[in-house]
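Geometric and topological summary
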Amino acid sequence: MKGMWGVTLLASTSLAQAISTASLTEAATTVVATANSAPSLFQNEEVQLTEGVLSDVSAALQNSTVANMFAFASNSTVLKRSAHRSCKLMPGDSWWPVAPIWDIFDILLGGSLIKAVPLASYCYPDWPQYDAAKCASVTADWLSSDLHMEDPTSVMSPLYQGRSCLPSPFNYTASCTQGAYPTYAVNVSTVAQIQLAVNFARNLNLRLVVKNTGHDFNGKSSGKGALSIWTHHLKDKEYLPNFKAANGYVGPAIKFGSGIQVHEAYEFAKTLGHSVVGGEAVTVGLGGGYVAGGGHSPLSSMYGLAADQVLAMQVVLADGRFITATSTENSEVFWMLRGGGGSTIGVVTSLTVKALPQLQTTTVTFNFTISDTPGPDAFWAAIQSYLDNFETFVDAGTYGYFYIGASDALIGTTYAGDPDYYFRMESFVAPNMTVAQTEALLAPWFDTLKSLNISFTPWYNHADNFHDAWAVAFPQEYVGTDVVKTASRLLPRSVFQSDDLRNQTWAAYKDAITQGLFIAGFHISGTGIAAEPPTDNAVLPAWRDALSHVIVGSEWNFTSSWDVVESSSRFVTEWMDVLREIAPDSGAYMSEADLVEPNLQDAFYGVNYPRLYALKQKYDPTGLFFALTAVGAEDWEVQTLDPVPYSWNNNGRLCPKSS
């Protein structure tokens, strides 16, 4: 049949029969592990797209134009419209692939292409998916991470996909639109499928995003009109008890598929008598933006960041080629993917990390509100005492995750000037410590709290391994709302060693809460006391001297207008100048930072940025991989359809930045 592309295509039924002879499951392995420096491939990584398979596809299609849509960059006849940087195609554009092209793509993928719809579309009668029973189920589970990470395109921070389709009572509008939820998703189970998706998106100038769980604070896995690579089911894992890495490391290691989440990594490590560095939240995916962004952890004050643990990676690059990256093989890619930011240079299919010793661990959880104190002066004196002890706590290898706000619900701050202060220690984590040792470490701070007549009841939990202590201290977090905008800053050791700067930080905390903001903070280091940080990764250098990661947030209501969103967002960005001035030579953790951070290249990447940008141009010259705040993002803009400035969310056409 003749399509609007001006090419003749076989009927879909005949095509399916013809292409079945070019089975991707028979692809020969093209990546061979280097002896002793890279692990063997998982079975799903042995299923690859090769020139031989592409030749068979071309023969089956009898149409070189269509066949070239799936070809590698180096050998493909790139369509003229994507030969230079231009706006990414969107549904409805004249060059958007017609239905038979998507059918061919799906056949090549083995049926793993998903025509995506918003998860909450079940709740809207004008959508074909409308189903009252399913709507009730989705609504009941809307704040659960599990719901969103098991969906191919849903994200946990819908503000950044445009608030386009949420169920009542979480919706600000009564309508449901696709917004920045991707148009199609590929539920990948093999490297070949990732390669096909990468080639297809690059050759046809489609927007491409990558999703594992959708945990990202700034919604990087959303994109209007995008094709999404869904890596969530790449769950393979392998223990390597005697691994010899290219960087000289010799010892136990574990290889994880990029769909593994930190709770799965922790559980597997425990069964082996080991620990691994991963995130604090259950839903964090280990092998995507988390490691690429550096990855802070409850074990970071002991062993450093997640990016520091990586010994080898398998990656599909923007040209569609599948490579192994180590410190000696594809070393530029290896450097960049460990700290250089997610959605920048390729799709990680697996990573091999150090297996650390099994650690007895103690966690401590407690809170106090203004009602548990003699008054505001005592409350804030207690916070000041905590800051006074940051250096001691970090130097002992511990980690603290705390909230400060003003709300009787102990969540956020209800309104500016609310005096209902609370402090919540979500968890104080003491790796390699007994309860008695943890009590001794906390004694100076707790003695101060007692002297201030503050009532609090710490709950100590101890286990002979990290996983069991972590599991009870970090319950699944609420997600799925669009009512928060955050910004962050790393505060270096010098701030806590200076009475003046430490007091300025304390005063800033007070001011933030008084003005209606809230704080989610950490005492943490990116330089663990039990390991030397590597010098060959792209981690923001400010992490190495940090003693605190501070997130400051603004809130509004579910029904708030976009005007309120914009004004609240601008306020928290501007307020953060206080912390930027306290630590002007530091930076911010890109994975939990302000989408419109001033001078974000310097804040997120520091002195590494020029090299990162040069490598981005080398390995991804057409800008296939894009995310707001990622390396090279300044070359593009999301022409946002919502009434906020361009590139404030992903709900718009992606175009080269206007001059």
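Residues numbered from 1 in each chain as written. Predicted model: local features only at pLDDT ≥ 70, side-chain atom pairs only at ≥ 80, totals over all residues. Heavy atoms only, no water.

So, about the environment of Trp636. In this structure, Trp636 sits in strand 19 (residues 636-640). Expressed as a C-alpha distance, the spacing of Trp636 and Phe626, which sit 10 residues apart in the sequence, is 8.3 Å. For Trp636, the contacting residues outside a window of four places in its chain are Arg85, Ser86, Lys88, Thr622, Gly623, Phe626, Ser647, Leu654, Cys655, Pro656 and Lys657. (Helix = DSSP H or I, 4+ residues; strand = E, 2+ residues; numbered from the N terminus. Contact = heavy atoms within 4.5 Å.)

Let's shift gears to the pattern of salt bridges. Close approach of charged atoms allows side chains with opposite charge to pair. Enumeration over the complete set of coordinates arrives at 22 salt bridges. A salt bridge links Arg544 to Asp308, with the shortest nitrogen-to-oxygen separation between them at 2.8 Å. Linking Arg544 in the loop between strand 17 (518-523) and strand 18 (546-555) with Asp308 in the loop between helix 11 (300-303) and strand 8 (310-317), this pair joins segments that are 236 residues apart in sequence. In this structure Asp308 comes out as buried when scored by relative accessible area, which is 7%. The partner of Glu391 in a salt bridge is Arg493, with the nearest N and O atoms 2.8 Å apart. Taken together, the residues span a long stretch of sequence, with Glu391 in helix 14 (residues 390-395) and Arg493 in helix 17 (residues 493-497) at a distance of 102 residues. Take Glu391: its relative accessible area is 22%, and that puts it in the partly exposed class. It is possible to trace a salt-bridge network through shared partners that takes in Arg489, Asp577, Arg580 and Glu597. (Salt bridge = Lys/Arg side-chain N within 4 Å of Asp/Glu carboxyl O. Buried < 20%, exposed > 50% of the residue type's maximum accessible area, 1.4 Å probe, protein only.)

As recorded in UniProt, the sites labelled "domain: FAD-binding PCMH-type" (unreviewed entry) are residues 178-358. Taken end to end, residues 178-358 comprises 22% helix and 29% strand; its first and last C-alpha atoms sit 46 Å apart. (UniProt positions renumbered as here; feature names shortened; annotations may be inferred.)

A few words on the environment of Thr283. Structurally, Thr283 is set in the loop between strand 7 (274-275) and helix 10 (289-292). Residues Thr283 and His148 lie 135 residues apart in sequence; the distance between their C-alpha atoms is 9.9 Å. The residues contacting Thr283, other than those within four sequence positions of it, are Ser145, Met149, Met156, Thr213, His215, Gln261 and Gln476.

Okay, the packing of helix 5 (residues 99-108) against helix 8 (residues 191-204) next. Two elements in contact, helix 5 and helix 8, have axes whose closest approach is 10 Å; the angle formed by their N-to-C orientations is 160°. By the criterion of interaxial angle, the relationship of helix 5 to helix 8 is roughly antiparallel. Handedness of the crossing formed by helix 5 with helix 8: right-handed. Facing Ile101, Trp102, Phe105 and Leu108 of helix 5, the residues of helix 8 in contact are Leu196, Ala197 and Phe200. Grouping the constituent residues of the contact of helix 5 with helix 8 by class yields 7 nonpolar, no polar and no charged. (Axes fitted to C-alpha atoms, helices over the stretch in contact; angles between N-to-C directions. Parallel < 35°, antiparallel > 145°, perpendicular 65-115°, else oblique. Left-handed = near helix turned anticlockwise from the far one by under 90°. Nonpolar A, V, L, I, M, F, W, Y, C, P; charged D, E, K, R; others polar.)

The phi torsion of most residues other than glycine is negative, and most of the peptide bonds are trans. Following Ser168, the chain continues into Pro169 via a peptide bond in cis, with omega recorded as 10°. Along the chain, Pro169 turns up in the loop between helix 7 (145-149) and strand 2 (184-187). Unusually for a residue other than glycine, Asn453 sits at a positive phi of about 60°. Within the fold, Asn453 resides in the loop between helix 15 (435-451) and strand 15 (459-463). On the accessibility criterion, Asn453 (58% relative accessible area) is exposed. Despite not being glycine, Thr629 shows a phi value in the positive range, around 85°. For Thr629, the location among the structural elements is in the loop between helix 22 (609-619) and strand 19.

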